[in-house]
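# Geometric and topological summary
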Amino acid sequence: MTGPYDPVVPPPVATAPVARGEDERSLGELLGEVTSDLSTLLRQEVELAKAEVRESGTRAGKGIGLLAGAGIGGFLAVLFVSIALWWGLGYLVGNAWSGLIVAALWGVVAAVLVATGRKELARIKGLPRTADTVGKIPNALKGNEEDNR
């Protein structure tokens, strides 16, 4: 037995390297993880955008095809109505004059459509909001957002 004056020697402690916990990572490791996560996020966003563009493109193609078919159908309907009008007027004024009358009617319609189309094209202002927001990007990247206001 040991007496009150005998020193008690603690057991030897292993001096193996201690594993660092999640809280004790270096700044380089943390920045590496942030960079990796950001890269993954950007890749996923690009893939999502590609998928959305493919889906929108498919739907737009179907819509354009349907509108083209409707345009052809409308053209044929107008053509046959014009022929019927020409034929009907031919009984009243003769075939030559009725053809000129129908052609003059379509000339008036074309002139009205041209004038209206030019007016609409003159109203186009480009992309003013997009140009404004794109112009603010350099200040935002520099941290000078207050210059954008």
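Residues numbered from 1 in each chain as written. Predicted model: local features only at pLDDT ≥ 70, side-chain atom pairs only at ≥ 80, totals over all residues. Heavy atoms only, no water.

## Here's the deal with the overall build of the protein
Of regular secondary structure, the protein possesses four helices and zero strands. Tracing the protein from N to C terminus, the helices and strands come up as α-α-α-α. Buried residues in the protein amount to 3% of all 149 residues. For the protein, the exposed area adds up to about 13,300 Å²; of that, 69% sits on carbon and sulfur atoms. (Helix = DSSP H or I, 4+ residues; strand = E, 2+ residues; numbered from the N terminus. Buried < 20%, exposed > 50% of the residue type's maximum accessible area, 1.4 Å probe, protein only. Areas by Shrake-Rupley, 256 points an atom, 1.4 Å probe, with all protein chains shown as cover.)

## Notes on the side chain of Ser-82
Assignment of secondary structure puts Ser-82 in helix H1 (residues 27-93). For Ser-82, the contacting residues outside a window of four places in its chain are Val-102 and Trp-106. (Contact = heavy atoms within 4.5 Å.)

## What about the pattern of salt bridges?
Summed over all chains, the structure comprises four salt bridges. Put simply, Arg-25 and Glu-33 hold a salt bridge, and the shortest N to O gap is 2.5 Å. A residue is classified by how much of its surface remains accessible, and Glu-33, at 37% relative accessible area, is partly exposed. Put simply, Arg-59 and Glu-55 hold a salt bridge, and the shortest N to O gap is 3.1 Å. On the criterion of helical spacing, the pair formed by Arg-59 and Glu-55 is a turn pair, its members being four residues apart in helix H1. (Salt bridge = Lys/Arg side-chain N within 4 Å of Asp/Glu carboxyl O.)

## Some words on the confidence of the model for the protein
The pLDDT averaged across the protein works out to 81; a share of 81% of its residues lies at or above 70. Within the protein, helix H2 (residues 95-122) carries the highest mean pLDDT (92), whereas helix H4 (residues 137-142) carries the lowest (69). (pLDDT = per-residue confidence, 0-100.)

## Some words on the packing of H1 against H2
At a minimum axis separation of 7 Å, H1 and H2 run at an interaxial angle of 140°. Of the possible angle classes, the one that applies to H1 and H2 is oblique. Crossing of H1 against H2: the hand is right-handed. Together, Val-78, Ser-82, Leu-85, Trp-86, Leu-89, Gly-90 and Val-93 of H1 and Asn-95, Trp-97, Ser-98, Gly-99, Ile-101, Val-102, Leu-105 and Trp-106 of H2 make up the contact between the two elements. (Axes fitted to C-alpha atoms, helices over the stretch in contact; angles between N-to-C directions. Parallel < 35°, antiparallel > 145°, perpendicular 65-115°, else oblique. Left-handed = near helix turned anticlockwise from the far one by under 90°.)

## A word on a nonpolar patch on the surface
A contiguous nonpolar surface patch, about 710 Å² in accessible area, is contributed by Ile-72, Phe-75, Leu-76, Leu-79, Phe-80, Ile-83 and Trp-86. Relative to the elements of secondary structure, Ile-72 occurs in helix H1. Residue classification places Ile-72 among the exposed positions, given a relative accessible area of 55%. (Patch = residues over 30% accessible without salt bridge, like charges linked within 9 Å, V, L, I, M, F, W, Y side chains within 5 Å.)

## So, the environment of Leu-89
Relative to the assigned elements, Leu-89 resides in helix H1. When residues no more than four places from it in sequence are discounted, the contact partners of Leu-89 are Gly-94, Ser-98, Ile-101 and Val-102.

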